[in-house]
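Structural characterization, general
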Amino acid sequence: MALPEVHAGPAVRGGRWSRLATGSELAFMAQCVVAGAVFLATSGMRDDHGIGIDPGVFGAIPALLVAVVLAAYLHRVLFVLPVMALTRALGSRWWAALWAAAIAAAYAGWASAGWDLPYGWTALWIAGPGVLPVVAASYAHHRSLGWTGMAAKVGAVTGIALLLCAVGAFLQERTGFGAYEPPRLEREQYVGQWIGDGGARRLRLGANGEAVADGMRLADPNAAVWDACSGTGTWTYEPRPERGRPGSGGVRDRVTLTIEGCGRLDALQVAGTAERPELFCVLGDPDDLHPRYAVTLHRV
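Residues numbered from 1 in each chain as written. Predicted model: local features only at pLDDT ≥ 70, side-chain atom pairs only at ≥ 80, totals over all residues. Heavy atoms only, no water.

1. Concerning the state of the cysteines
Taken as a whole, this structure holds one disulfide when the rule is applied. For Cys229, the disulfide goes to Cys262, at an S-S distance of 1.8 Å. Across the disulfide from Cys229 to Cys262, rotation about the S-S bond amounts to roughly -85°, and the bridge is consequently left-handed. Within this pair, whereas Cys229 is found in strand 4 (residues 228–238), its partner Cys262 is found in the loop between strand 5 (254–259) and strand 6 (268–272), the two being separated by 33 residues in sequence. The same class applies to Cys229 and to Cys262, which are both buried. (Disulfide = S-S within 2.5 Å. Helix = DSSP H or I, 4+ residues; strand = E, 2+ residues; numbered from the N terminus. Buried < 20%, exposed > 50% of the residue type's maximum accessible area, 1.4 Å probe, protein only.)

So, in structure tokens, the structure goes:
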């Protein structure tokens, strides 16, 4: 004897409820992977301060992928499912954007109150990564697609995006389009006060070649990271002989310091832009496997 039709209703509704956010976690993970690929593909268009890509980043990829997967499922539970549930209650997919904005605004208010964060930027950072997951969940729900169907579609789109990133990185490297070039400053543009590390490092360059340094980095490769020197002395400006891309071994303009009692100091290289120039030196041995990082001074 066949069961009455009424017994099938709750099961169907329960199944639909469980599939409200199908594919949202896949879209979240895909956008993180593509964002990482775009970051690597456009590395030649940013100033790497003479460091390049740290090889240690590639060793951390497995841990990063695990973190992305956990974040994707957390985002599904805290953001996408509430948005889709409210949208389903109203019966129109066009309300999804409104509910997403409302939930992002609520989370932003909570975060800004708890951690004293700027409300507007916090709301954008919460809402921005949620656009594609909500779109993917809405698409899957209204097309009655399961997880495997969404995996195929998201995988295909992600593969195309990664291929475009690879082609773009190849063309950018070959053509040099948009490649970063450090600013070319005149000597008098270096005169003034420079500050870095939250005020821990200060440098004043005078128009007549005098220099006052506080907390400047020693050039001795055996010096500890916190070793520094302060005092008065002189500075000289060394323009690079020809233009060259920093990522390809090009030489930057330099400022060389001679501070009494400090010994040899690391030369400071120019970075940033002509409007907002920087001086930096790189800490760490380029032949060492340990991470290298740049100490940067900004003109004030």
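On we go.
2. Some details on the environment of Thr256
By secondary structure assignment, the location of Thr256 is in strand 5. Owing to a relative accessible area of 22%, Thr256 belongs among the partly exposed residues under this scheme. Those residues in contact with Thr256 that sit more than four places away from it in its chain are Thr234, Trp235, Thr236, Glu238 and Ala267. Among the polar contacts made by the side chain of Thr256, one reaches the side chain of Glu238 at a distance of 2.8 Å. (Contact = heavy atoms within 4.5 Å. Polar contact = N/O pair within 3.5 Å; in protein donor to acceptor, adjacent residues only side chain to side chain.)

3. What to know about the packing of helix 2 (residues 24–41) against helix 7 (residues 131–143)
As a packed pair, helix 2 and helix 7 sit with axes 8 Å apart at the nearest point and diverge in direction by 145°. The crossing of helix 2 and helix 7 is right-handed. On the side of helix 2, the interface is formed by Ser24, Ala27, Phe28 and Gln31, while helix 7 contributes Leu132, Pro133, Ala136 and Ala137. Tallied by class, residues from the contact of helix 2 with helix 7 come to six nonpolar, two polar and no charged. (Axes fitted to C-alpha atoms, helices over the stretch in contact; angles between N-to-C directions. Left-handed = near helix turned anticlockwise from the far one by under 90°. Nonpolar A, V, L, I, M, F, W, Y, C, P; charged D, E, K, R; others polar.)

4. A word on the packing of aromatic side chains
Tallying each qualifying case throughout the model produces two aromatic pairs. On the numbers, 5.3 Å between centres and 80° between planes, the contact of Trp110 with Trp115 is edge-to-face. Residue classification places Trp110 among the exposed positions, given a relative accessible area of 58%. For Trp115, a relative accessible area of 56% gives the class exposed. Taking 5.2 Å as the distance between ring centres and 40° as the angle between the ring planes, the aromatic pair formed by Tyr190 and Tyr237 counts as tilted. With Tyr190 in the loop between helix 8 (147–175) and strand 1 (192–196) and Tyr237 in strand 4, this residue pair connects regions lying 47 residues apart in the sequence. (Phe/Tyr/Trp six-rings, centres within 6.5 Å; stacked < 30°, edge-to-face > 60°.)

5. Points about a nonpolar patch on the surface
Nonpolar side chains collect at one region of the surface, where Val33, Phe39, Leu40, Phe58, Ile61, Leu65 and Leu162 lie side by side and expose about 600 Å² of accessible area between them. Every element with two or more residues in the nonpolar patch is listed here: helix 2 and helix 4 (61–90). Residue contributions to the nonpolar patch peak at three residues, all from helix 2. Within the fold, Leu162 resides in helix 8. (Patch = residues over 30% accessible without salt bridge, like charges linked within 9 Å, V, L, I, M, F, W, Y side chains within 5 Å. Areas by Shrake-Rupley, 256 points an atom, 1.4 Å probe, with all protein chains shown as cover. Salt bridge = Lys/Arg side-chain N within 4 Å of Asp/Glu carboxyl O.)

6. Side note on the nonpolar core
Grouped together as the largest cluster of nonpolar side chains are 23 residues, with contacts concentrated most on Tyr190, Leu203, Leu205, Leu257 and Leu268. Judged by nonpolar contacts, the second largest core, of 12 residues, contains Ile103, Ala104, Val134 and Ala137. (Core = buried A, V, L, I, M, F, W, Y, C linked by side-chain atoms within 4.5 Å.)

7. Remarks on the side chain of Glu278
Locating Glu278 in the fold gives a position in strand 7 (residues 277–283). Among buried charged residues, Glu278 stands out as having no salt bridge; its nearest opposite-charge side chain is Arg276, 6.8 Å away. Within the local environment of Glu278, its side chain forms a polar contact with the side chain of His49, the two groups lying 3.0 Å apart. The residues touching Glu278, leaving out its near neighbours within four places in the chain, are His49, Trp194, Gln269, Val270, Ala271, Gly272, Thr296, Leu297 and His298. (Lys, Arg positive; Asp, Glu negative; His and termini not counted.)

8. Some words on the pairing of strand 2 (residues 201–205)
Of the two faces of strand 2, the one holding Arg201, Leu203 and Leu205 is buried and the one holding Arg202 and Arg204 is not buried anywhere. Where strand 1 and strand 2 come together, five bridges link them in antiparallel fashion. Note that in strand 2 the partner of Gly192 across the bridge is Leu205. Between strand 1 and strand 2, which pair antiparallel in sequence order, lie four residues; one of them, Asp197, sits at a positive phi of approximately 50°. (Pairing = 2+ DSSP bridges.)

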